[in-house]
Amino acid sequence: MKNIKFIAITIFVLTTQMLIAQDFEIPQNIKLDQESDYIKYEKDVLKAINWLENTSVEEHVTKREHTRAFVMKWIMDTPTITIGLQAFQIDLTEKNPELLTSFLGGWTKFAIENPSEKEDVIKSNIAGFKSLMKVYSANKGKGIKKDNKIEKLIKLSPEELNAWVRKEVE
């Protein structure tokens, strides 16, 4: 009986993720002139980030480019979230530039979902790296090149990842 429940839950989660990934549409006639405009589009940005995380980098290539452009435009211009990019973050996306959007998306998602902690650079970086590692793992060899630096990062425990981020940020 436990196996049946587990299988049913697994099917439900996978189906839900696939439906979310397929259903995302970039908003039309976007207006980003003032802070309230950015806040208005936060839910769309979250959906876009989730879609990018859960959709193969080799699928829906044109839609992916447009979605990345929407997310990057929002992230770069929003007055509500500040992302501190440093060399160590950029270094991890050198072989796979697509992963920079994943990192920035993870940071942004954390900031939107945790507004009282959005200034916590450790937690924000960790969220960014978790997103980067998720996309890397799901797409390695399928549009994403193997990267030994990211492979090492994936092997870290949560405590080791936290310590590594602290060391790099400070």
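Just above, that's the structure.
Presented here is an overview of the structure given in this document.

**With respect to the overall build of the chain**
Broken down by element type, the chain carries 9 helices and 0 strands. Scanning the chain from its N terminus toward the C terminus, one meets helices and strands in the order α-α-α-α-α-α-α-α-α. Residue burial in the chain is summarised as follows: out of 170 residues, 38% are buried. The contacts of the chain with a sequence gap of at least 6 include a subset with a gap of at least 24, amounting to 65%.

**Examining the packing of helix α3 (residues 42–54) against helix α7 (residues 121–139)**
The N-to-C vectors of α3 and α7 enclose an angle of 40°; their axes lie 8 Å apart at closest approach. By the angle between their directions, the pair α3 and α7 is classed as oblique. Residue-level inspection shows Leu-52, Glu-53 and Asn-54 of α3 in contact with α7, the latter providing Ser-131, Lys-134 and Val-135. Residues of the contact of α3 with α7, tallied by class, amount to 2 nonpolar, 2 polar and 2 charged.

**Observations regarding the nonpolar core**
Counting residues in hydrophobic clusters, the biggest one holds 37 residues, and the most contacted among them are Val-71, Trp-74, Leu-99, Phe-129 and Leu-132. Counting residues per element, this core draws most heavily on α7, at 7 residues. Among residues more than four places away in sequence, those in contact with Leu-132 are Thr-93, Leu-99, Ser-102, Phe-103 and Ile-150.

**Description of a positive patch on the surface**
On the surface, Lys-95, Lys-145, Lys-146, Lys-152 and Lys-155 cluster together into a patch of positive charge. Structurally, the position occupied by Lys-145 is in the loop between α7 and α8 (148–155). Its relative accessible area of 53% is what places Lys-145 among the exposed residues.

**Focus on the pattern of salt bridges**
According to the stated counting rule, one finds 10 salt bridges in the structure shown. Here Asp-91 ties to Lys-149 by a salt bridge, and the two come within 3.0 Å at their closest N and O atoms. One end of the pair, Asp-91, is in helix α5 (residues 87–91); the other, Lys-149, is in helix α8, and 58 residues separate them in sequence. Notably, a salt bridge pairs Glu-151 with Lys-140, separated by 3.0 Å at the nearest N-O pair. Here Glu-151 is found in helix α8, whereas its partner Lys-140 is found in the loop between α7 and α8, with 11 residues between them in sequence. On the basis of relative accessibility, which here comes to 16%, the residue Glu-151 falls in the buried class. Relative accessible area serves as the criterion here: at 35%, Lys-140 is assigned to the partly exposed category. Salt bridges here are not isolated pairs; linked through shared partners, they connect Glu-53, Lys-109 and Lys-134.

**Thoughts on the side chain of Glu-98**
Structurally, Glu-98 can be placed in helix α6 (residues 98–113). Classification of Glu-98 as buried rests on a relative accessible area of 14%. Side chain to side chain, Glu-98 and Arg-64 meet in a polar contact 2.8 Å long. What Glu-98 contacts, discounting residues up to four positions off in sequence, is Val-57, Arg-64, Arg-68 and Ile-144.

Definitions and limits used
- Residues numbered from 1 in each chain as written.
- Predicted model: local features only at pLDDT ≥ 70, side-chain atom pairs only at ≥ 80, totals over all residues.
- Heavy atoms only, no water.
- Helix = DSSP H or I, 4+ residues; strand = E, 2+ residues; numbered from the N terminus.
- Buried < 20%, exposed > 50% of the residue type's maximum accessible area, 1.4 Å probe, protein only.
- Contact = heavy atoms within 4.5 Å.
- Axes fitted to C-alpha atoms, helices over the stretch in contact; angles between N-to-C directions.
- Parallel < 35°, antiparallel > 145°, perpendicular 65-115°, else oblique.
- Nonpolar A, V, L, I, M, F, W, Y, C, P; charged D, E, K, R; others polar.
- Core = buried A, V, L, I, M, F, W, Y, C linked by side-chain atoms within 4.5 Å.
- Patch = residues over 30% accessible without salt bridge, like charges linked within 9 Å, V, L, I, M, F, W, Y side chains within 5 Å.
- Areas by Shrake-Rupley, 256 points an atom, 1.4 Å probe, with all protein chains shown as cover.
- Salt bridge = Lys/Arg side-chain N within 4 Å of Asp/Glu carboxyl O.
- Lys, Arg positive; Asp, Glu negative; His and termini not counted.
- Charge placed at Lys NZ, Arg CZ, Asp CG, Glu CD.
- Polar contact = N/O pair within 3.5 Å; in protein donor to acceptor, adjacent residues only side chain to side chain.

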